[in-house]
Amino acid sequence: MILECRQVNKSFVSDAGTLPILNDISFSVLEADTLSIVGPSGSGKTTLLALCAGLDDATSGEILFEGKSFAEMNENERAYIRNRKIGFVFQSFHLIASLSALENVMVSLELSGDREAKSKSLELLERVGLQHRVNHLPAQMSGGEQQRVAIARAFANRPALVFADEPTGNLDEETSHMIEQLLFDMNKEFQTALVLVTHNLNLANRTARSVTLSGGRMIDRVPTP
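*Asks:* Report on the overall build of the protein, specifying residues and quantitative values.
*Replies:* A tally of regular secondary structure across the protein gives 7 helices and 10 strands. Along the first, second and third principal axes, the C-alpha atoms of the protein reach 50 × 40 × 40 Å. Counting the 225 residues in the protein, one finds 50% classified as buried. Excluding contacts between residues fewer than 6 apart, the proportion of contacts in the protein whose partners are at least 24 apart in sequence is 68%. Summed over its atoms, the accessible surface of the protein is roughly 10800 Å², and 47% of this surface lies on carbon and sulfur atoms.

Here is the structure:
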């Protein structure tokens with residue numbers, strides 16, 4: 001088991017009172033699994049992703065990564081998991097503007113002390129079809145090319161799990177299909193679990209399982225492992 005959410009609740013307290021964001025969320029992610037978290041804007045998808053990545057704490061319930069609760073980890077342990085065990089793909093790419101495509105992919109490998117960072121990054125950029133763009137800055141690439149760099153970066157450390165948060169939200173239809181296929185191909189090739197956060201039902205239907213949120217509650221889970 002890579003990830004497990006057990007009756008997770010999240011709420012925020014303000015002067016106006018307590019605002020519930022997530023209510024009684026339970027699901028699991030298996031090795032090499034594909035799972036989508038579906039729901040409209042405001043349903044709690046991004047909050048749930050932050051909890052599952054150890055970026056925030058649940059108000060109650062428990063989230064386990066590879067069998068260990070985030071609540072029992074210190075920040076260094078959480079940071080290690082995010083840097084070495086989890087990859088991220090965002091809607092807005094989040095590349096470092098001053099670094100080339102190659103350097104953007106190399107960052108996480110260099111931080112982990114990998115002496116083969118450059119060769120591995122070159123291989124990944126070739127894998128996503130960008131061997132001709134290795135020295136280009138993000139501003140010199142199209143949105144689809146930037147997202148392919150982001151995917152190469154996400155898989156650089158051979159993580160156990162990749163989160164993709166609305167990965168095609170800023171792309172045209174043709175480019176979106178290419179990015180979707182690349183994510184699923186990499187999931188199979190590297191045996192990395194893939195969790196897609198999306199409001200796109202067509203994309204969600206491509207995953208083995210899905211969790212649907214509405215108003216912070218699970219209204220569907222198909223199928224249960």
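*Asks:* Can you lay out helix H4 (residues 117-127) for me, pointing to particular residues and giving the numbers?
*Replies:* What H4 keeps buried is the set Ala117, Ser121, Leu124 and Leu125. One side of H4 carries all its buried residues, which in axial view fall inside an arc of 100°. Opposite its buried face, H4 presents the exposed residues Glu123 and Glu126, each directed more than 90 degrees away. Positive backbone phi, at 80°, marks Gly129, one or two positions downstream of H4.

*Asks:* Describe the nonpolar core, with residues and values.
*Replies:* With 34 residues, the main nonpolar core has Leu125, Val149, Ile151, Phe155, Leu183 and Met186 as its most contacted residues. Apart from residues no more than four positions distant in its own chain, Leu125 is found in contact with Ala101, Leu102, Val105, Leu130, Gln131, Val134, Val149 and Ala152. Residues Val29, Leu35, Ile63 and Phe70 belong to the second largest nonpolar core, which totals 31 residues.

*Asks:* Break down unusual backbone geometry for me, citing the residues and quoting the values.
*Replies:* The phi torsion at Phe93 lies on the positive side, around 75°, for a residue other than glycine. The residue Phe93 is located in the loop between strand E6 (86-90) and helix H3 (101-111) in this model. In this structure Phe93 comes out as buried when scored by relative accessible area, which is 10%. Phi angles above zero are rare outside glycine, and Gln191 is one such case at about 55°.

*Asks:* Describe the packing of aromatic side chains, naming the residues involved and giving the relevant values.
*Replies:* The full count for this structure, using the stated rule, is 4 aromatic pairs. Considering the side-chain rings of Phe88 and Phe90, the 5.9 Å spacing of their centres and the 5° angle between planes classify their relative orientation as stacked. Through a chain of ring-to-ring contacts, three or more aromatic side chains come together here, namely Phe88, Phe90 and Phe163.

*Asks:* Give a description of the pairing of strand E7 (residues 161-165) that names residues and reports values.
*Replies:* The element E7 is extensively covered by neighbouring structure, given that 5 of its 5 residues are classed as buried. Alternating positions in E7 separate into two faces, Leu161, Phe163 and Asp165 on one and Val162 and Ala164 on the other, with burial throughout. Summarising the sheet, E6 and E7 pair through 5 bridges and their orientation is parallel. In the sheet register, Val89 faces E7, and the bridge partner there is Ala164.

*Asks:* If you had to explain the pattern of salt bridges to someone new, which residues and values would you point to?
*Replies:* Tallying each qualifying case throughout the model produces 12 salt bridges. Glu62 is paired through a salt bridge with Arg6; the nearest N and O atoms lie 3.4 Å apart. In this pair, Glu62 is assigned in strand E4 (residues 60-65) and Arg6 in strand E1 (residues 3-14), connecting sequence segments 56 residues apart. Of the residues examined, Glu62 reaches a relative accessible area of 26% and is grouped as partly exposed. Owing to a relative accessible area of 37%, Arg6 belongs among the partly exposed residues under this scheme. A salt bridge links Glu189 to Arg127, with the nearest nitrogen and oxygen atoms 2.6 Å apart. A residue pair is termed long-range when its members are at least 10 positions apart, and Glu189 in helix H6 (residues 173-190) and Arg127 in helix H4 qualify at 62 residues. Via salt bridges that share partners, Glu4, Arg6 and Glu62 belong to a single interconnected network.

What counts, and at which threshold
- Residues numbered from 1 in each chain as written.
- Predicted model: local features only at pLDDT ≥ 70, side-chain atom pairs only at ≥ 80, totals over all residues.
- Heavy atoms only, no water.
- Helix = DSSP H or I, 4+ residues; strand = E, 2+ residues; numbered from the N terminus.
- Buried < 20%, exposed > 50% of the residue type's maximum accessible area, 1.4 Å probe, protein only.
- Contact = heavy atoms within 4.5 Å.
- Areas by Shrake-Rupley, 256 points an atom, 1.4 Å probe, with all protein chains shown as cover.
- Arc of directions from axis to C-beta.
- Core = buried A, V, L, I, M, F, W, Y, C linked by side-chain atoms within 4.5 Å.
- Phe/Tyr/Trp six-rings, centres within 6.5 Å; stacked < 30°, edge-to-face > 60°.
- Pairing = 2+ DSSP bridges.
- Salt bridge = Lys/Arg side-chain N within 4 Å of Asp/Glu carboxyl O.

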